[in-house]
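Take a look at the letters that make up each chain.
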Amino acid sequence: MLVADHALLINAVTYLGAAVVAVPLAKRLGLGSVLGYLLAGIAIGPWGLSLIANVEDILHFAEFGVVLLLFLIGLELNPKRLWAMRRPIFGLGGMQVALTTLLLSLCGLFLGLSMGAALVVAMGLSLSSTAIALQTLTEKNLLSTHAGGTSFSILLFQDIAVIPMMALIPLLGVTVGESGDPLIGLLKVVAAIGGIVILGHYLTRPIFRYIAQTRLPEIFTAFALLLVIGIALLMAAVDLSMALGSFLAGVLLAESEYRHELETEIAPFKGLLLGLFFISVGMSIDFGVLLERPWIIIGLVIGLVLIKLSVLWAVASVGREPIPLSQRPLFAFLLCQGGEFAFVLFSVARGAGALEASLADPLFVVVALSMVTTPLLLILYERVIAPRYSDMSEAREDDTVDEDGNPVIIAGFGRFGRVVGRLLTANRISTTVLDHDPDRIEMVRKFDYKVYYGNATRQATLHAAGAAKAKLLIVTVDDPAIALQVVEGARKHFPHLRILARAHDMDHAFELQRQGVELFQRELLESALLVGEEALKQLGFGAYRAKKAAHAFRDHDQVLYDALYEVDALEKHISITRQAREELERVLSADAEALGRRRNNGWD
């Protein structure tokens, strides 16, 4: 009786319990959250503990997580930025889909499939998993990399390509679907997209404004979900990709003043539903088909992954800006699996008679297992391949420096070093810039910066850069430990050099000072003080009082720094810090009272 009355709650407890156990464990083992969700799905599915029965229904519901993901991505891309990305989207994305479809179609024909079936299978398998790739890019903060940006462009093209693929499938089948007149179907598609454009551009803002005035956040959340679900259902009604429709809606709302509020309200639902999607994919793996023909299924999975890896590697090597060699394995591993839209395409093809059930069922297993390979390949990349590329960088010979006599050497040309270099160059001071990151050097050289590859921890590198004649060495490398090595080597071999250094924090500043560096700047101190000063102004402090408070804090921080410099014991460190904080509060309070008295007496 309990099971019948509370089946939904029991299923929810099962999903959440499996995720809470499996995902943190997978993360702790370095397997990633996606693989954790997949393993949780296998554990509770029909071939595990059999705790869930209606796997297909759950999979359809969980696909809504992908819809929300695409909506949130659309919010990050206004139409101008999307137009600027048109070349990688349609150029590289079109190349990837076309080449993969061609190769897989030839393989299908070689394996004895008909022309129509081979094309359907190839189209479905050419698509990658938007959910897995974007979740990985976001989780590992890789979207800003060249590989991450190109991956996103190709995924976006694949979502667009689903539309013509869906339209083509009924023509390849033995039956005519319920679409009827193709012209009417086209008009429905145009009307649906036009409706989304009008809704997103003209109607949603006044509605959001009206709801915001009620100051009821739960209604704002309800309307945000209603908007996404409604658009998804509208696209499904005209046989288009729900995810593409939600992405289009997100793009149209990207310039709305309510964009950040929408992101905040929808993000929790997206995370939960994406997790449910991965769990349902794990549950949907039919190990019965795998056990019947294990070597065939495994061979198909390996073949699919290898073909897509080859195509992706080729795509990464072409274009105006090829992906750097060190990032190509990451790019290929991110997109070499089958995608969630393959489930949709194969289901539609089976219903239209373009794909037999005896072929569709093994393909479902192949796609699901290929999804499992991605987290494993990424682990291989992080633990084996990436370190080797790092070793290759270490083995690279330093560039020949063709400048001699520049008064300044800058070691490290990241975000900190570039600001210093630009300031000196603007004042017509010649600098010799060294960096040890090949990808960064490749990037900054496009902006006409003259940067040499070289390891500044080596005496020979500094000597070649002109350290014997230079007056100043500015150390701005990202890694604190490497910065200390640069300073140590420079003071040992070029004692005449004055050294300015970027200190990452107070502890790093202590180490630099012990190395004899007297001129250093903690990288966040001044910018943080400026933000704090502006915050005080926004909260009603006068400009003079806010600036005086910032100066008082700077003086206090220097006193605290001097007091902590010789302290090693943690307990003593904490005690001094607490005393200094209380003293600062007393000083600022006294200053505020004195300022108030002056104003009351008419002195200010």
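Here, every reference points to the structure presented above.
Residues numbered from 1 in each chain as written. Predicted model: local features only at pLDDT ≥ 70, side-chain atom pairs only at ≥ 80, totals over all residues. Heavy atoms only, no water.

S.K.: Sorry, what's going on with the overall build of the protein chain here?
M.R.: From N to C terminus, the protein chain includes 27 helices and 6 strands. Across the 604 residues in the protein chain, those meeting the buried criterion constitute 46%. Restricting to contacts in the protein chain with at least 6 residues of sequence separation, those with at least 24 account for 75%. For the protein chain, the exposed area adds up to about 31000 Å²; of that, 63% sits on carbon and sulfur atoms. (Helix = DSSP H or I, 4+ residues; strand = E, 2+ residues; numbered from the N terminus. Buried < 20%, exposed > 50% of the residue type's maximum accessible area, 1.4 Å probe, protein only. Contact = heavy atoms within 4.5 Å. Areas by Shrake-Rupley, 256 points an atom, 1.4 Å probe, with all protein chains shown as cover.)

S.K.: Help me understand the environment of Glu-382 in this model?
M.R.: Looking at the secondary structure, you find Glu-382 in helix α19 (residues 357–395). By relative accessible area, Glu-382 is classed as partly exposed at 37%. Sequence separation between Glu-382 and Leu-330 is 52 residues; the distance between their C-alpha atoms is 8.8 Å. When sequence neighbours within four positions are dropped, the list of residues in contact with Glu-382 reads Lys-140 and Pro-387.

S.K.: Just to check I follow, could you spell out the sheet that holds strand β6 (residues 519–522) for this structure?
M.R.: By definition, the strands of a sheet pair up through backbone hydrogen bonds, in either a parallel or an antiparallel sense. Spatially, the 6 strands line up as an open sheet ordered β3-β2-β1-β4-β5-β6, and their pairing is parallel. Unpaired on one side and paired on the other, β3 (451–453) and β6 mark the two borders of the sheet. Direction aside, neighbouring strands of the sheet carry axes that sit 20° apart on average. In this structure, strand β4 (residues 472–475) lies alongside strand β5 (residues 498–503), joined through 4 bridges in parallel fashion. Of the residues in β5, the one forming a bridge with Val-475 is Ala-501. (Pairing = 2+ DSSP bridges. Axes fitted to C-alpha atoms, helices over the stretch in contact; angles between N-to-C directions.)

S.K.: Before we go on, may I ask you to explain the packing of aromatic side chains in this structure?
M.R.: The relation between two aromatic rings is expressed through the spacing of the ring centres and the mutual angle of the planes. Within the structure shown, the criterion is met by 2 aromatic pairs. Measuring from ring centre to ring centre gives 6.0 Å for Phe-90 and Phe-157, while their planes differ by 85°; the resulting arrangement is edge-to-face. Taken together, the positions of Phe-90 in helix α7 (residues 86–110) and Phe-157 in helix α10 (residues 146–172) put the pair 67 residues apart, joining distant regions of the chain. For Phe-157, a relative accessible area of 14% translates into the label buried. Pairing Phe-346 with Phe-364 gives two aromatic rings, centres 6.4 Å apart and planes at 55°, and the pair type is tilted. With Phe-346 in helix α18 (residues 340–351) and Phe-364 in helix α19, this residue pair connects regions lying 18 residues apart in the sequence. For Phe-346, a relative accessible area of 0% corresponds to the buried category. A residue is classified by how much of its surface remains accessible, and Phe-364, at 16% relative accessible area, is buried. (Phe/Tyr/Trp six-rings, centres within 6.5 Å; stacked < 30°, edge-to-face > 60°.)

S.K.: So what exactly am I meant to see when it comes to the pattern of salt bridges here?
M.R.: One side chain can pair with another of opposite charge once the charged atoms of both are near each other. Within this structure, the stated rule accounts for 4 salt bridges. In this structure, the salt-bridge partner of Glu-511 is Arg-514, at a minimum N-O distance of 3.3 Å. Taken as a pair, Glu-511 and Arg-514 lie in helix α24 (residues 506–514) at a separation of 3 residues, close to a single helical turn. The class for Glu-511 is partly exposed, based on a relative accessible area of 35%. (Salt bridge = Lys/Arg side-chain N within 4 Å of Asp/Glu carboxyl O.)

S.K.: Mind showing me how you'd approach helix α21 (residues 438–445) here?
M.R.: Regarding α21, the residues found buried are Arg-440, Ile-441 and Val-444. One side of α21 carries all its buried residues, which in axial view fall inside an arc of 100°. Contacts made by the buried residues of α21 are with α20 (415–426), β2 (431–435) and β3. (Arc of directions from axis to C-beta.)

S.K.: Where do I start with unusual backbone geometry in this structure?
M.R.: Glycine aside, residues mostly have negative phi angles, and peptide bonds mostly take the trans form. Of note in this structure, Arg-428 is not a glycine but carries a positive phi near 60°. Looking at the element boundaries, Arg-428 is found in the loop between α20 and β2. A relative accessible area of 80% places Arg-428 in the exposed class.

S.K.: How do you make sense of the pairing of strand β1 (residues 408–411) when you look at a structure like this?
M.R.: When a strand is regular, its side chains alternate between the sheet's two faces. Burial along β1 is two-sided: Val-408 and Ile-410 and Ile-409 and Ala-411, pointing in opposite directions, are all buried. Sheet topology places β1 next to β2; 4 bridges connect them, and they run parallel. Within β2, the residue paired with Ile-410 across the bridge is Val-433. Crossover connection from β1 via α20 to parallel β2: handedness right-handed. Looking at chain direction, β1 and β4 are connected through 4 bridges and run parallel. Paired with Ile-409 across the strands is Leu-473, a residue of β4. (Right-handed = clockwise from strand over helix to strand, strands pointing away.)

S.K.: Would you mind showing me how to read the packing of helix α25 (residues 525–538) against helix α26 (residues 543–564) here?
M.R.: Helix-helix packing: each pair is described by the crossing angle between the helix axes and the interaxial distance. Between α25 and α26, the shortest axis-to-axis distance is 9 Å and the interhelical angle comes to 145°. For α25 against α26, the interelement crossing comes out right-handed. Along its contact with α25, which presents Leu-525, Glu-526, Leu-529, Glu-533, Leu-536 and Lys-537, the element α26 presents Ala-543, Ala-546, Lys-547, Ala-549, Ala-550, Phe-553, Arg-554 and Asp-557. Counted by class, the contact of α25 with α26 contains 8 nonpolar, no polar and 6 charged residues. (Left-handed = near helix turned anticlockwise from the far one by under 90°. Nonpolar A, V, L, I, M, F, W, Y, C, P; charged D, E, K, R; others polar.)

S.K.: When you look at the environment of Asp-478 in this model, what are you seeing that I'm missing?
M.R.: You can see Asp-478 is positioned in the loop between β4 and α23 (480–493). A relative accessible area of 34% places Asp-478 in the partly exposed class. C-alpha separation for the pair Asp-478 and Arg-502, spaced 24 residues apart in sequence, amounts to 8.7 Å. Other than its neighbours up to four places away in sequence, Asp-478 contacts Arg-440, Arg-502 and His-504. One polar contact links Asp-478 to Arg-502, side chain to side chain, over a distance of 3.0 Å. (Polar contact = N/O pair within 3.5 Å; in protein donor to acceptor, adjacent residues only side chain to side chain.)

S.K.: Mind showing me how you'd approach a nonpolar patch on the surface here?
M.R.: A cluster of nonpolar side chains, Leu-102, Leu-103, Leu-106, Leu-109 and Met-115, forms an exposed patch at the surface whose accessible area comes to about 470 Å². Within the element layout of this structure, Leu-106 appears in helix α7. (Patch = residues over 30% accessible without salt bridge, like charges linked within 9 Å, V, L, I, M, F, W, Y side chains within 5 Å.)

S.K.: Can you help me understand helix α8 (residues 115–126) in this one?
M.R.: Each full turn of the α-helix corresponds to 3.6 residues, which orients residues three or four apart in the same direction. Between its first and last C-alpha, α8 extends 16 Å over 12 residues, near the 16 Å set by a 1.5 Å rise per residue. A large share of α8 lies buried, amounting to 10 of its 12 residues. By the burial criterion, the buried members of α8 are Gly-116, Ala-117, Ala-118, Val-120, Val-121, Ala-122, Met-123, Gly-124, Leu-125 and Ser-126. (Expected span 1.5 Å × (residues − 1).)

S.K.: Would you mind going over the nonpolar core with me for this structure?
M.R.: Note on soluble globular proteins: their nonpolar side chains tend to be buried together. The biggest cluster of nonpolar side chains holds 115 residues, and the ones touching the most others in it are Phe-71, Phe-331, Phe-346 and Leu-355. Setting aside residues no more than four positions away along its own chain, Phe-71 makes contact with Leu-227, Val-228, Ser-246, Phe-247, Ala-249, Gly-250, Leu-253, Leu-262 and Ile-266. By size, the runner-up hydrophobic cluster in this structure holds 31 residues, among which are Ala-470, Ala-509, Leu-512 and Leu-564. (Core = buried A, V, L, I, M, F, W, Y, C linked by side-chain atoms within 4.5 Å.)

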